[in-house]
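Chain and residue survey
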Amino acid sequence: MILNENIKIAFFDVDGTLVNNGSVPSEVISGIKSLRKNGFLTSLVSGRGFNRLYPAFGVNVNKIVSPNIPMILEHGGRVLTSKKKYIFYKPLSLKEIDLSIKKIEILKRKIEFFGYFPKKLNKKAVIYTFREKFFSNLKKKYKFANSFLLKNAYHTLKTIKDENPCMLMIRPISAKTILDFGKSLNTITNEGFYYINSKGINKATSLTSVIKKMKVKYENVLIAGNDMNDLEMFKYNFGKKIFVGDKIFKEIELSKNIIKVKSPKHLGTYLRTLKIT
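First, a word on what this report is: a plain description of the structure on this page. Nothing here was measured: the structure is a model prediction, and the numbers come from that model. (Residues numbered from 1 in each chain as written. Predicted model: local features only at pLDDT ≥ 70, side-chain atom pairs only at ≥ 80, totals over all residues. Heavy atoms only, no water.)

Scanning the protein for helices and strands turns up 9 helices and 16 strands. Here the C-alpha atoms of the protein give a radius of gyration of 19 Å, agreeing with the 19 Å that 2.2 N^0.38 yields for 277 residues. Its C-alpha atoms give the protein principal-axis dimensions of roughly 60 × 40 × 35 Å. Taking all 277 residues of the protein together, the buried fraction comes to 52%. Contacts in the protein between residues far apart in sequence, at least 24 positions, make up 60% of those at least 6 positions apart. Accessible surface, the protein as shown: approximately 14000 Å² in total, 51% of it carbon and sulfur. Side chains of the protein carry 51 positive and 21 negative charges; the gap between the two charge centres is 5 Å. (Helix = DSSP H or I, 4+ residues; strand = E, 2+ residues; numbered from the N terminus. Rg over C-alpha atoms; globule rule 2.2 N^0.38 Å. Buried < 20%, exposed > 50% of the residue type's maximum accessible area, 1.4 Å probe, protein only. Contact = heavy atoms within 4.5 Å. Areas by Shrake-Rupley, 256 points an atom, 1.4 Å probe, with all protein chains shown as cover. Lys, Arg positive; Asp, Glu negative; His and termini not counted. Charge placed at Lys NZ, Arg CZ, Asp CG, Glu CD.)

Structure below.
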């Protein structure tokens, strides 16, 4: 058993870190259960929206997230507890939404669909597509969302502004398709999607804000991630930083004291070795 008296709370990315090929390995569930049994607090730092957490885990999110501990969602734009209590919400500005829609209209031939999660949690996500053939599959594949077929992206402008989203998600027509949204928008890529958040918002900014409010020192925090959207988190001197995957990105590897595990399954096994003294 590895003794970790300094670590008090663990924040996990979801896709590729806890979830592997659409499901959560039993080792992950048992690993987090072991952490909580041994005195650790656990939570999430993910690009997913709140209503997309259950499909990710197939279990109640409360089995993953400790009671009343903030979750950082939508790449830092939305922070709330598993009981739906808001801690922080940073919507895109009207200017950012307007510029995003103009870019989407220009790039629409390269885009499969785009959408967002409304601020109100009782509302479904919204997905728009310009592709009639793809539209027929939207409702089957994305049951968490209301789907619409568009000819012109500007038709969505007022609706999007009224829904007050903190993030836009854009799916290109293929993994090799590159979308250029320019330097004026805060854009990141992950798992085949492009995401646009408000300027200055990312996983790391919201995570460090939560940690500060909880009065927890960086050395008492464990983080785990698997992709470039986790890069900013790895730059901080947290007590433990775990990269999940076969190949680590050079930019992340430059960060100090990185622990590497091959897969979510191996992460779960590693978590069972941790104990607070």
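Next comes the rest of the account.
Pairing is antiparallel in the open sheet, where 3 strands are placed in the order E4-E5-E6. Because the sheet does not close on itself, it has two edges, and the strands there are strand E4 (71–73) and strand E6 (86–89). With strand direction ignored, the average angle separating the axes of adjacent strands in the sheet is 15 degrees. With respect to the sheet, helix H6 (residues 203–213) is in contact with E4, strand E5 (78–80) and E6, its orientation differing from that of E4 by roughly 160 degrees. (Pairing = 2+ DSSP bridges. Axes fitted to C-alpha atoms, helices over the stretch in contact; angles between N-to-C directions.)

This next bit is on the pairing of strand E2 (residues 9–12). Here E2 shows a buried face lined by Ile-9 and Phe-11 and a second buried face lined by Ala-10 and Phe-12. Relative to strand E3 (residues 41–44), E2 runs parallel, the two sharing 4 bridges. Paired with Ile-9 across the bridge in E3 is Leu-41. Crossover E2 to E3 through helix H1 (residues 26–37) is right-handed. As paired strands, E2 and strand E13 (residues 221–225) are joined by 4 bridges and run parallel to one another. Within the sheet, the bridge partner assigned to Phe-11 lies in E13 and is Ile-223. (Right-handed = clockwise from strand over helix to strand, strands pointing away.)

What the 6 strands build is an open sheet, ordered E9-E8-E7-E10-E12-E11; its pairing is mixed. If you trace the sheet from one side to the other, it starts and ends with strand E9 (145–149) and strand E11 (186–190), each paired once. Ignoring strand direction, the axes of neighbouring strands in this sheet form an average angle of 20 degrees. Pairing of strand E7 (residues 111–116) with strand E8 (residues 125–129), which is carried by 3 bridges, proceeds in the antiparallel orientation. Note that in E8 the partner of Phe-114 across the bridge is Tyr-128. On top of the sheet, helix H3 (residues 94–106) reaches E7, strand E10 (167–172) and strand E12 (193–197); it is set at about 165 degrees to E7, its chief contact.

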